[in-house]
Structures are given as structure tokens and as C-alpha cells.
Amino acid sequence: MNDPKTYIRNPGPKQPVTGLKAAVTTDNAIVTETMMKVLSSGGNAADAGIAGAMVQAAVEPFMTNHAGLVTFLYYEAKTGTLHQLDSLGAHPSGLPPFRPVPAGTGPYAYVPPSAIIPGFMPGLKAIHERFATKAWGELCADAVTWAEQGHAVSSFEYGMNIWGEKFTTYFPEGREFYQPAGHFVNVGETFVPKGLAETMRGVAADPDYMITGPWAQSFVSKANEMGWQITRDHMTETPPRWVEPLRFRHHEYEIVTLGPPQAQGFFTAVAMGVLKHLGIRDMERGSADHWWAMGHALRQGARHWEYAQDDQIYEVPRDVVLDDAYHTHLAKLIRGSRPKVDLTQHIRLAGDGDSGPHTAFLGAAGKPRLMPHDDKQPSGSCELAVVDAEGNWVQMMDTLQGSGIPGQVIGGVPMVGSHATFGNLQSQMDATLVKGAKGRCIIGNTLVLKDGKPVFSAGSPGNIFCTLPQVLTYLLDFKLDPYAAVDAPRMLPMSEGRAVVIEDRLEPGVVEDLHKLGVRVGVVAGYDYHMGSFSVIARDEADDSLTAIADPRRCAVADGIRM
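Conventions and cut-offs
Residues numbered from 1 in each chain as written. Predicted model: local features only at pLDDT ≥ 70, side-chain atom pairs only at ≥ 80, totals over all residues. Heavy atoms only, no water. Helix = DSSP H or I, 4+ residues; strand = E, 2+ residues; numbered from the N terminus. Buried < 20%, exposed > 50% of the residue type's maximum accessible area, 1.4 Å probe, protein only. Phe/Tyr/Trp six-rings, centres within 6.5 Å; stacked < 30°, edge-to-face > 60°. Lys NZ or Arg CZ within 6 Å of the ring centre and 35° of its normal. Axes fitted to C-alpha atoms, helices over the stretch in contact; angles between N-to-C directions. Left-handed = near helix turned anticlockwise from the far one by under 90°. Contact = heavy atoms within 4.5 Å. Nonpolar A, V, L, I, M, F, W, Y, C, P; charged D, E, K, R; others polar. Disulfide = S-S within 2.5 Å. Expected span 1.5 Å × (residues − 1). Arc of directions from axis to C-beta. Polar contact = N/O pair within 3.5 Å; in protein donor to acceptor, adjacent residues only side chain to side chain.

Asks: Which parts of the structure should I look at to understand the environment of Gln-428?
Replies: Position of Gln-428 relative to the elements: it lies in the loop between strand E12 (413-414) and strand E13 (446-450). With a relative accessible area of 30%, Gln-428 lands in the partly exposed category. In the structure, Gln-428 is positioned 242 residues away from Asn-186 in sequence and 34 Å away in space, judged by C-alpha atoms.

Here is the structure:
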């Protein structure tokens, strides 16, 4: 392997990789390299995804781990069939939430996370059993190597470590793992995850090592020692589940994304439907009308994720949420409440109003002021995208969200726990404490089909719930090329205080025009990492060549096999 420092990448402009017959894009150069090796040696897209996720959790402990969750959206070329795997962790039956880290212990504990049974390894095992062609141990080989030798710390990783320090070092096990010499490993130096190599060697021999074997037994023992009275049976009582993806039309395209209990599909369907009936295709990209329409559409999307629930526990109104006539009705309500007079004076006099931290006051050169960064937002997920030469597409995510015992490290696997609520309708992550129930989360694995075949795939960590409809709009409605669609500025949904927060790349005059519409405007950095790191692959309909896109907001790397 190369010198670990050669794999360090920084946020900034990326070049699309074009003319490909197989494509990969991930958040990390090491992960992309591993997946390319799998494809080049004859593996398929599922093989590459498994190997990539295993390595990602070894070299990005600040974003994911082997005790988190896995979701998987797969287009099987030979049959044209779409598959979705839901392998979120689960809360054990018969026990109340267990929260060992107190509130106020850093951003991860703004709302203290609860302990959860891991879903990562059961998910990869299920994918391997159904779609893989290579031996399990072969797909784990790079994860073992990188766990043994360690990886070079990037400036992004170091910043994330500082951000989460109070939480990750709350227990002595966390301090021993993250700060082996009493401090975080510095940028450019090699971090070796203590204990992980042994765990990876065990997993390479058998994935059950972390499901029912020695690691799982250590997990149960540590939980019991801390007062969380789980049993070995709890480790397997909620297995991965193959579910039906959510599919809906958008003009000439069909969008396929994760179905309930995952909420992204409902959010995206409502937002895209509202935008269609507001006439987004006829609006000028980047105009006040564009941001006004998008802000409202995203707000409507967020109002509907409460209906994404486990259909083995609840009734789930798929047809109602996807109903085009319903989207038309929502768009009519929004259009019918558009201001009839210039509201600039109202904005000037009312200021921030009830919009919390969002500011309407202009700073130097007529630009809106920066919105204060919200350190309460938990972070931690990684997206992988891969298409093999046979035309199988994979869009998948692995995370440290929903991972094991909060703040603990077992066998070199650091854990954060779950930020799910328990019965909150408007929570992005929510769980029902019933045996076998699957929880709700916001995860954006998405494929876009045209004439029955994929033309785009997309997904991202960060604020995926609201950024996915925006990237799709740039691609499908504004017809931008794939890199331009990923690069273009993104926003948060309109708040109850009629405020929008947009990446600081607005065209001249747009802030003033939004004020006329009664919309308060705040900004975040021009390329804000909370707005995600999209992994996008596009297929040219003329020659079937692929283009792999890496997002400039983080440390992503795209690659592929040339035609």
C-alpha cells in the first residue's frame, strides 16, 4: 500500500470522472481504492459495496463504525429488479431506553443518545448472502490491513474529533481509543484504531463474530456491566429486512428511493411533487422564485415524514402521500398565499421575528449575515455509490448513527448510540418499542430511472432530507450536468418564521427579492459540509458511458474503469 498521507483529501473543487464502464464514488480515497480493486478483480457492485463499507468503518471512525447501520438500494441488471435492505439497529424488546452519557456532554449528547443493537454487520452479511460473488473473507481483507496499519488523519477528521471530544472521551475506553498519547492524533500523522485489527480478523473469518460470536458476547457483557440488561437473544431478534422501495414519477423520470419506515422517500415525493406543480421548470435557477418555491416545498416534505413507519406495526398511507392530486392541492395552497404587496418594509421593521437564529439584517456589501452554526446537530454517516460493468447499481449508506452503546469502545469499535425519539411524529429518527419493529431514519439512497433503466444515482450524508430534492431538481428540472448539480448551492427548509438558510453563493439582488416576498434570509458557508457530500453516478443515454461525481464539500473521491 502507498504512504497513508497520500490518501488525504481536502474539501474543494473536484473533477468529474467520465467515459466509464464501471464507476465508484465515496467520501474517502482509501474506500474508493478498495472498491476499485474489487471491480477490477471481477467483483460486482454488491461485492464492492461490502468491501467499501468494511474499510470505511476502519478508516473513518469519526463518521461511521462497524456497529452502526446499513441501508442498501440495488438495481439488478439481469432482471431489472430493484431491492432495498433495511438494516438499522434496533432497540431491544422489553427494556426502556438506556442513556449512559448525560446531556450537555458535547454535540452528540445535546439530546442524550440511547443504546441500540448494531445493524451494520447483519446488513452486510445479508447483502453478501443474496448478491455477492466473491468470498466474504476476500472482501474483508482491506479492512483488516487498514485496521492493522492505521490511516493518516486529515484536517477534516481532526476537526470532527475536536467537535465531538466531550462525548467521545467521556468514558476511559474512548480516551484510550481516540487519544492514545493523551491528545488526538495530529493532522498528517497515523491513527491506528486500537483493538480493531483483531476484531476485523475475527469478522473476516465469519461475520457472526460481531453478531453472535466473541465481539457480540463482549458487547452484551459490557452492556450488563453498565446496567443495560440485554441478552444474547436481543442481538438477533430484529434481523435485516428486505422491503419494497418507494417509486414515483417525476415528469419523464421515475424516482426510486427508500420506502417506509425510512422517511426520505415520503419527504422527496412530496417536495418534488409540490415543486412540479409550482412550475419549478419554468423558474429561473437561483432566482428568488426558485428559493421561495424550494423553501416551501421542503417544508411540506418535512410535514410528511411522520407517516413513514414500520408497516408491520402501523398502517402506512403510501398511495395517499404519493398522490399527484394531493401534491397539486398543496402547491395551490402555497401559490394561493403568495404575498400581493412588497414586504421589504415588514422585514426591515420586524427583523428576525420568531425565526430563532436566522438573521434578516444585511451585513457588509448588502449580504446577509452568517447564521450561527448549530453545534446541536449530531453528525456521522457515509455514502457509497458503485455501478459495475454489467450494469448493476448500488447506492448504500453506513453510519455511526444508531451504533451500539453511547460513548463506549469494544474491540476497537467506537460507538455513539441512537438519537431516535420514541413516538415523536416530527422526529427524523423515531423508534417504537415493540419486538421486531424497525425505526424511522432519514437516509437518501436514490436511483433515477428513465425508460426502466437507471440514469442517475444519488445519496449523501449530512442534511440529506432536504438536500436530495434540491440535487434532483438541479438534475431533472434545471437540466444541469451532474457535477454542476452537485456543486450548486443548497438550502434548509423554510422555517415557521419564514426564514431560509442558503449556502452563501446567492446572485445579486436575490436577497432583496426574497425580502419582497416576506422571506428572511440567512446564510451558511458557501460550501457547508452539513449540506452533505453527494455520491452521484450518471449514465449517458447516448452511449451508456458513466460519469462519477465527487462532492466538493468534503473529502470525496470518484474513480472508475474506462470504456
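Asks: Would you mind showing me how to read the packing of aromatic side chains here?
Replies: Counted by the stated rule, this structure contains 21 aromatic pairs. Seen from their ring centres, Phe-219 and Trp-228 are 6.1 Å apart, and the 75 degrees between their planes marks the pair as edge-to-face. Judged by its relative accessible area of 0%, Phe-219 is buried. Sitting over the ring of Trp-242, Arg-130 keeps its end group 4.5 Å from the ring centre.

Asks: Explain the packing of helix H10 (residues 264-278) against helix H11 (residues 288-302) to me, please; I cannot follow it from the model alone.
Replies: Between two packed helices, what matters for the description is the angle formed by their axes and the separation of those axes. Closest axis-to-axis distance for the H10/H11 pair is 8 Å, and the angle between their directions is 145 degrees. The way H10 lies across H11 gives a crossing that is right-handed. In this structure, H10 uses Phe-267, Val-270, Ala-271, Val-274, Leu-275 and Leu-278 to contact H11, whose residues at the interface are Ala-293, Met-294, Ala-297, Leu-298, Gln-300, Gly-301 and Ala-302. Among the residues making up the contact of H10 with H11, the classes are represented as eleven nonpolar, two polar and no charged.

Asks: So what exactly am I meant to see when it comes to unusual backbone geometry here?
Replies: Most peptide bonds take the trans configuration, and most residues that are not glycine carry a negative phi. Cis geometry is adopted by the peptide bond preceding Pro-261, which originates at Pro-260 and carries an omega value of 15 degrees. Its place among the elements puts Pro-261 in the loop between strand E8 (253-257) and H10. Residues other than glycine seldom take positive phi values, yet Lys-479 does so here, at roughly 60 degrees. Considering the arrangement of structural elements, one finds Lys-479 in the loop between helix H15 (464-476) and helix H16 (482-487). Of the residues examined, Lys-479 reaches a relative accessible area of 43% and is grouped as partly exposed. Unlike most non-glycine residues, Asp-544 shows phi in positive territory, near 65 degrees.

Asks: Help me understand the state of the cysteines, please; the structure alone is not making it clear to me.
Replies: What we call a disulfide is simply a covalent bond connecting the sulfur atoms of a pair of cysteines. Under the criterion given, the structure shown has zero disulfides. Left without a disulfide partner, Cys-140 is nearest to the cysteine sulfur of Cys-382, which lies 17 Å away.

Asks: Would you mind going over helix H9 (residues 214-226) with me for this structure?
Replies: Note that an α-helix has 3.6 residues per turn; residues three or four places apart therefore point the same way. Here H9 contains 13 residues, and its C-alpha end-to-end distance of 18 Å stays within 8% of the 18 Å for a straight helix at 1.5 Å per residue. Those residues of H9 that fall on the buried side of the exposure criterion are Trp-215, Ala-216, Phe-219, Val-220, Lys-222 and Ala-223. On an axial view of H9, the arc spanned by its buried residues comes to 165 degrees, and they lie on one face. The elements touched by buried residues of H9 are helix H7 (172-178), helix H8 (196-205), strand E11 (409-410) and E12. Looking one or two residues beyond H9, the residue adopting positive phi is Gly-227, at roughly 110 degrees.

Asks: Teacher, can you tell me more about the environment of His-66 here?
Replies: Structurally, His-66 is set in the loop between helix H2 (45-59) and strand E2 (70-76). In this structure His-66 comes out as buried when scored by relative accessible area, which is 2%. With 217 residues separating them along the chain, His-66 and Met-283 place their C-alpha atoms 44 Å apart. With residues up to four places along the chain from it excluded, the contact list for His-66 reads Met-54, Ala-57, Ala-58, Phe-120, Met-121, Leu-196, Met-200, Met-210 and Val-413. At a separation of 2.9 Å, a polar atom in the side chain of His-66 contacts the main-chain carbonyl oxygen of Met-54.

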